[in-house]
Amino acid sequence: MSYLRPTSWAEALAARAEYPEAVVVAGGTDVMVEINFGRLHPSALLDLSRVGELRALGREDGHVRVGSGVTYQSIMRDLPGELPGLAAAARTVGSPPIRNRGTIGGNLGSASPAGDCHPPLLACGAEVEIASVHTSRTTPVADFFVGPKRSVLGPDELIAAVWVPAATGPQTFSKVGSRNAMVIAICSFALALHPDVGRVGTGIGSAGPVPLRARAAEQFLEGHLGETGAWESRPRLGDAVVDEFARLVAGAAQPIDDVRGSADYRRHALGVVARRSLMWCWDEFRGGRP
Amino acid sequence: MSGLRADGEETAKMTLDESGAKRRGELMTEIDLSVNGRRHSVECEAHTTLLTVLRRLGCFSVRFGSATGETGAAAVLVDGRLVAADVLLAAQAVGHEITTVEALNVATGEYHPIQEAFVEAGAMQSGYSAGAMVLATKALLEANPDPTEAEIRDALSGILDRETAYVKVVEAVKRAAAALRGEKCRPMDPVVVDALAGYKASPAATVTEVDGEVSMAVPRLVISPDVPQTAVVGKPETKVDALRLVKGNPAFTDDIEPRGMLFAKVLRSPHAHARIVAIDDSAAAALPGVHAVLHCRNTARVKYASGGQSWPNPPPWDQVSFDDKVRHVGDRVAAVAAESTEIAEEACRLIKVTYEELPAVFDEVEAIKPGAPVIHDETDTEGIFDSGRNISHHIEGQTVSDEALEAAFAGADRVFEETFHVQQVQHTPIEPHITIGWLDEDERLVLRTSTQVPFHVRRMVAPLLGLPVKRIRVIKPRLGGGFGAKQEMVIEDIVGHLVLATRHPVRLELTRAEEFISTRVRHAMTVTFRSGVDAEGRLVAQDMSVVSNTGAYGTHGFTVNSVSGQHGLSLYNCPAKRFRCDVAYTNRPVAGAFRGYGAPQAFFALESHMDDIARALGLDPYEIRERNWVRTGDPLDIVLRLGERGGVEDLAPEDIPVITSCGLEECALQGRRAIGWERRSDPAWHRPADRPHIRRGLGMALAIQGSGIPLVDMAACSIKINDDGSFNMLVGATDLGTGSDTVLAQIAAEVLGVPIEDILVYSSDTDFTPFDVGAYASSTTYISGGAVKKAAEAARARIVVRAARLLGVDDASTIELHDRRAWALDGRSVSMGDIALNALHTEDQEQIMGTASHVSPESPPPFAAQLAEVEVDIETGQVTVTKLVTAVDCGVPINPITASGQVEGAMLQALGYALCEEVVLDEAGRPLNDRFGPYWIFRADDTPPMEVYLVQTMEPSGPYGAKAVAEIPIDDVAPAVRNAILDATGVAINAIPFTPERVWRALQPAT
Ligand SMILES: Cc1cc2nc3c(=O)[nH]c(=O)nc-3n(C[C@H](O)[C@H](O)[C@H](O)COP(=O)(O)OP(=O)(O)OC[C@H]3O[C@@H](n4cnc5c(N)ncnc54)[C@H](O)[C@@H]3O)c2cc1C
């Protein structure tokens, strides 16, 4: 097994091109589990941890460019104001030892349906910047995942960064049965309100083969808020609206039965969380109005 | 996002950094690491973890808990930040500064202030992850000198501790922060509180106000007037093994590596039930680096029972080292010793096994139905109760005849019957099972092993290996937790076989997945209680019947399930009691000993049942218990009809043991006050107005346990004086983190009139220390403590004789020992050191020493009340326990800090049992959650506040009045939570764990 340790982004892309069979390692918190369990026997390891460019945060056009090597620790510390949903998700990841090493690029790279970055990135309409020696492209997060633990990344490509629009409204992230609540995640849900453009974003984790958006729920709520002028008048939301939104979110999930919960229960729980998330975000948006 | 620049547009010529990671040959790399300020060149493979490299470099404080970063035992600092070295490539650490706890160990015998705080606060039990915790504290306090409790808990949340419930760890971090800020902390002395049940504290005791100011990490102590003053006993002494633990010194099994050591791996069954038709090991044996491949075709078939129990081990002896049948997924098939773990793993893959798959059964009730697959159809196992029906044991015991029992039921005002189910859970000590074996210079087999029962292991392994006991030595170093999983010979025989086959040292350490499926679990049970009560709610008849799931083998099946009956039917007085139990073989992982030993299952059923009866009768849950509970002087009438000495048909009344000390009422009253029981009648509290989806509730449950197994458990101790008046104390007892070495030293120090630091405890090594059955059945303080007291008294007898002579006193019995001196009545004294020098060197020389053993005819029960406050989210079913209280009568707590530490740890383990832990299998018997995460154990940041009350009683038969404490606090959290959910929602749930889904389903209106 060889060990490749580029110190610049250019070297990294070149190494990726030359060793397409190499396993990319960022923080290693996912990869090392696979290697330790003997499920992965790579012929080469491509260590990105020396590539300083990947740890950078940038701002452009109302977007935050989060380098793929940015850790959860850094997201929590540096981005709670601009990307509150992502920061909230980062806070729920693992524990300090994992948050100190684990990266947003690694989370995307693993493409697990349970990855905690994914719901807020979906809800925010983030885009993934992907590069190879030859090209660079961006793809919406919603198109990034193609199956359980599978993404659109080609064998010569690396994730450079994630572009996330800075928040213009309230955002939440919740795990049902997260820590402090004494059981592991049964499903997770992110909601982002984008009042500037009249949009609503959602993201669902652990409830399907890939992280999902509840598009019907988004459209329903956008339609309701737009038609009633609610973005401007900021009235209370009626129970019927909240319940319908929750129903549509639950309906978007494609959960399975597993050791953490049955599909039915997960769908139910997701509906509850969706309802609470909407009420919390909307109250926040109304800013304490009666 | 057009127009945005992508990094790396211009492709630089690739240059691999060769300075840190040179590629040498095929596999090995040499890397330069900076560890604790020193540079090291290390050879490793590209995929080697930092954990492996650090241990190779002698940083023993960095420990294996799993290969997944989930336990935190391997947490270290990289550039000052906490990271998990088990999921970090060693090569990625090049160029960074690595810090382990060894960096703090600058002066011999001295502590860093953080370490000092950990020692003082009693933050370590086994101390297996102490290094990681100290480092987490260091990282936190460097960034944040005055952290909040939530910040502390978050900082610790990556390090799992199965022992302390984090209570005293959090306290240690607070103390360390204060110390580093230059502030002083209150000593860890318990807070004395007023008794509520009649007796008053002795006038000498000052009652401290419990004002919320005093940390919950300090136990509340109710003092009994019957307890005499003592100098060392009853004091919050720091642990005698604190130094080795907090410094991460090499103390555990894996902290040595004999030269030429081979690494073992076990091939495990992929099938729940199958016959091994053929094994072809030729490819495995031919693999370079493989030294031995053992399986049923090349090892002797010797039957045994793996439970670590006194001779003769209860039947059936239904196991062999390598059987030609597998009975659960994870059962042993073959074992390999090779020059590396990777080679051993590869060899396991190369063993070709032909299986004939058989139908399997997993549920205990299904297993004993006609037509179920027969799991033990072999002809050479004796002592199975009914192998054709998969019943390993049938246990019966009753205080009256069947007719009298039915007559009692017929005379009852009301009869209640309910069935409960409890699940399999795993102990999950953070240190897995590990054994290192070798042949010593006399070619005797030495097994250095993480066991609770070194003497039983030596005796039990001998016939399997064809060796006499005298050819075997078992060394028990420090243990990283056990909880009963190591009261069992799980791997020692494999290592013994491999050492004999290879004549090399051999190491076998189980993976976390193997811990889950191939060690032991708690018995799942289906428990039915039928109770008859009179109009006032007094029990007139109690009938308890159990179908218990022993998994693939019957080890501990008889005793665990007997204990279910013994304790389940001893808490309340009742004129007619009957216990019936079928223990079922199934194709699940093997059930064995687990802290509580059958009692948690019984109490979940009993204490839930009692609440339901109370509800039906309109009684407060406290009231119904008070009307029925046992008191001092009441008979323990079922105990001798079950268990090791069971089957006693006609017990003479004078043979029935009676309760000689009982603080149950005091426990219940303290617990009730501490939890705020009066809120049960406040509807507004139950439904907080600001959170309409929340319901609150309170629940209580009581328990009784034993203190050792009467007339079976034996412990011994020997004590000798040294030139300076210190003492070596050798005990066979096995401190697995419980603090028993400390408690035993306190007992010896009390007798000998010296401070605890003058007692050098060594436990345990079958070549050096006298016999002890081991650490189980809550026996160590009570039984081993009894032996220590006697041995110390024997040494004391010689000391006072010599002191009398030195002081010219005629009557040696007037000599008193205290403050390291022997005192005459007239106030003259001679030092312990002078007595020792005189005895060893100058006059009528002798080694002052004492050796004694102890067996007790009694097993005085400790008592406990456990209470829970919960919030139920009625929309999701999520149960959040917001407070737990335990008040326990363990006689006189010899050390209130270690005692309360036991209580706290047990409460949290029990909370996992109640809320989230369960070994889940798929329909083929394969594990679905054989790692942390999916199998959730509580972390520092999701642990509720806990309060511990120690209610003193003076137990006449115990050393300095002590009874047991380690098991009872695991008994009652599940029923207390269940009863609190009932109080909160009106819904009674009769199966655990209370996962959100189970609770949510129970809350749905019946359709
Ligand atoms: C104890 C523990 C707890 C955890 N808890 C959580 C949790 O609560 N929530 C959660 O979401 N995850 C959790 N994880 C999983 C893991 O920590 C995260 O997914 C993390 O984000 C992975 O990042 P990494 O940098 O460590 O990735 P790595 O392990 O280094 O890489 C992960 C994958 O991404 C690929 N990759 C990495 N970087 C790139 C790149 N720049 N371009 C292309 N491919 C790349 C790798 O090849 C690999 O396939 C946990 C892990 C552990 C060990």
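Rules behind the numbers
Residues numbered from 1 in each chain as written. Chains lettered and ligands numbered in written order. Predicted model: local features only at pLDDT ≥ 70, side-chain atom pairs only at ≥ 80, totals over all residues. Contact = placed C-beta atoms within 7 Å. Helix = DSSP H or I, 4+ residues; strand = E, 2+ residues; numbered from the N terminus. Nonpolar A, V, L, I, M, F, W, Y, C, P; charged D, E, K, R; others polar. Buried ≥ 20, exposed ≤ 12 C-beta atoms within 10 Å, placed from the backbone. Pairing = 2+ DSSP bridges. Axes fitted to C-alpha atoms, helices over the stretch in contact; angles between N-to-C directions. Near = placed C-beta within 6 Å. Domains from an automatic or database assignment.

At the interface, 59 residues of chain B touch 60 residues of chain A. Put simply, the parts of the chain that give the side of chain B that touches chain A at least two residues each are strand 5 (81–84), helix 4 (149–156) and helix 24 (996–1003) of chain B. If one sorts the elements of the side of chain B that touches chain A by residue count, strand 5 of chain B sits on top with four residues. Partitioning the side of chain B that touches chain A into residue classes produces 27 nonpolar, 19 polar and 13 charged.

What follows is about unusual backbone geometry. Glycine aside, the phi torsion of most residues is negative, and most peptide linkages are trans. Residue and element names in this part refer to chain B. In this structure, Pro 312 follows Trp 311 across a cis peptide bond, with omega equal to -10°. By the element assignment, Pro 312 lies in the loop between strand 11 (290–295) and strand 12 (325–326). Here the bond from Pro 315 into Pro 316 is cis, since omega is 0°, no more than 30 degrees from zero. Within the secondary structure, Pro 316 sits in the loop between strand 11 and strand 12. Positive phi values are uncommon outside glycine, yet Asp 844 reaches one of about 50°. Asp 844 sits in the exposed class, given 8 other C-beta atoms within 10 Å.

Remark on secondary structure: sheet strands pair via backbone hydrogen bonds, oriented parallel or antiparallel. All names here are of chain B. Here we have three strands laid out as an open sheet, ordered 12-10-14, and antiparallel in their pairing. Only two strands of the sheet have a single neighbouring strand rather than two, namely strand 12 and strand 14 (352–357). In the sheet, strand 10 (residues 274–280) pairs with strand 12 via two bridges, with the strands oriented antiparallel. Bridging across to strand 12, Ala 274 finds its partner in Val 326.

Bringing the sheet that holds strand 12 (residues 187–194) of chain A into the picture now. All names here are of chain A. What the three strands build is an open sheet, ordered 11-12-13; its pairing is antiparallel. This sheet does not close on itself; its edge strands, each paired only once, are strand 11 (171–176) and strand 13 (199–205). With strand direction ignored, the average angle separating the axes of adjacent strands in the sheet is 10°. Judged from the seven bridges that link them, strand 12 and strand 13 form a sheet pairing that is antiparallel. Residue pairing in the sheet places Ala 190 in a bridge with Gly 203 of strand 13. Here helix 4 (residues 84–92) sits on the sheet in contact with strand 11 and strand 12, set at roughly 25° to strand 11.

To continue, consider the site of the ligand. In the vicinity of the ligand, 32 residues are found, and the nearest of them are Gly 27, Gly 94, Gly 106, Asn 107 and Gly 109 of chain A. Among the chains of the assembly, those with residues near the ligand are chains A and B. Of all the secondary-structure elements, those providing two or more residues to the shell around the ligand are strand 2 (23–25), helix 2 (31–36), helix 5 (96–101), helix 6 (104–110) and strand 10 (158–165) of chain A. Class assignment for the residues of the shell around the ligand results in 13 nonpolar, 15 polar and four charged.

Residues and elements named next belong to chain A. One can read the domain layout of chain A as domain 1 (2–165) and domain 2 (171–286). Centre-to-centre separation of domain 1 and domain 2, based on C-alpha positions: 25 Å. Elements that contribute at least two residues to the side of domain 1 that touches domain 2 include exactly helix 4, helix 7 (118–124) and strand 8 (145–147). Here the element with the most residues in the side of domain 1 that touches domain 2 is helix 7; it accounts for seven residues. Looking at the side of domain 1 that touches domain 2 residue by residue, the class counts come to 14 nonpolar, six polar and one charged.

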